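Coordinate inspection notes
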Amino acid sequence: MELLKGYDGAFALRGWRDAGKPSAPREITAHDPVELRARLSAFMAEGGHGYVELAAWSFELNDWVRMDAFAGD
């Protein structure tokens, strides 16, 4: 299967410092959700994120769709 040009990844970790305050999330993308799950702890620690979502890109919605959510300590 060939990857789409200009398309960074089908999955993303999207992190917010405070889940209660709307803001633009910090995102890292990849084509493998297993790879992103393996990077979850480091992503939360380095960015000080209190809330992180693992999301998949939906072409129909033209937006991220949450697959899983994680809260920090």
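Here, every reference points to the structure presented above.
Right, let's walk through the structure included here. (Residues numbered from 1 in each chain as written. Predicted model: local features only at pLDDT ≥ 70, side-chain atom pairs only at ≥ 80, totals over all residues. Heavy atoms only, no water.)

1. With respect to the pairing of strand β1 (residues 11-16)
Just so we agree on the cut-off: Whether a residue is buried, partly exposed or exposed follows from its accessible area with a 1.4 Å probe, protein chains only, as a fraction of its type maximum: under 20%, in between, or over 50%, in that order. Runs of E in the DSSP output that reach at least two residues are strands. Runs of H or I that reach at least four are helices, and both are numbered from the N terminus. In short, DSSP must find at least two bridges between two strands for them to pair.
Counted residue by residue, β1 has six buried out of six residues, so it is predominantly covered. Here β1 shows a buried face lined by Phe11, Leu13 and Gly15 and a second buried face lined by Ala12, Arg14 and Trp16. For β1 and strand β2 (residues 26-30), the ladder comprises five bridges, and the chain directions are antiparallel. Within β2, the position partnered with Gly15 by the bridge is Arg26. Sheet topology places β1 next to strand β3 (residues 51-58); six bridges connect them, and they run antiparallel. Each residue of the ladder has a partner; that of Gly15, found in β3, is Val52.

2. Concerning unusual backbone geometry
Most of the time, phi is negative for any residue but glycine, and the peptide bond is trans. Of note, the phi angle at Asn62 is positive, near 55 degrees, even though the residue is not glycine. By the element assignment, Asn62 lies in the loop between β3 and β4 (63-71). Residue Asn62 is classed as exposed on the basis of its relative accessible area of 56%.

3. Overview of the pattern of salt bridges
As a reminder of what qualifies: When a carboxyl oxygen of Asp or Glu lies within 4 Å of a side-chain nitrogen of Lys or Arg, that pair is called a salt bridge.
The tally for this structure, following the rule as stated, stands at six salt bridges. In this structure, Glu46 engages Arg26 in a salt bridge whose closest nitrogen and oxygen atoms are separated by 2.7 Å. Here Glu46 is found in helix α1 (residues 33-47), whereas its partner Arg26 is found in strand β2, with 20 residues between them in sequence. Here Arg37 and Asp68 are joined by a salt bridge, their closest N and O atoms 3.2 Å apart. A residue pair is termed long-range when its members are at least 10 positions apart, and Arg37 in helix α1 and Asp68 in strand β4 qualify at 31 residues. Classification of Asp68 as partly exposed rests on a relative accessible area of 28%. When salt bridges that share partners are traced, they join Arg14, Glu27, Glu53 and Arg66 into one network.

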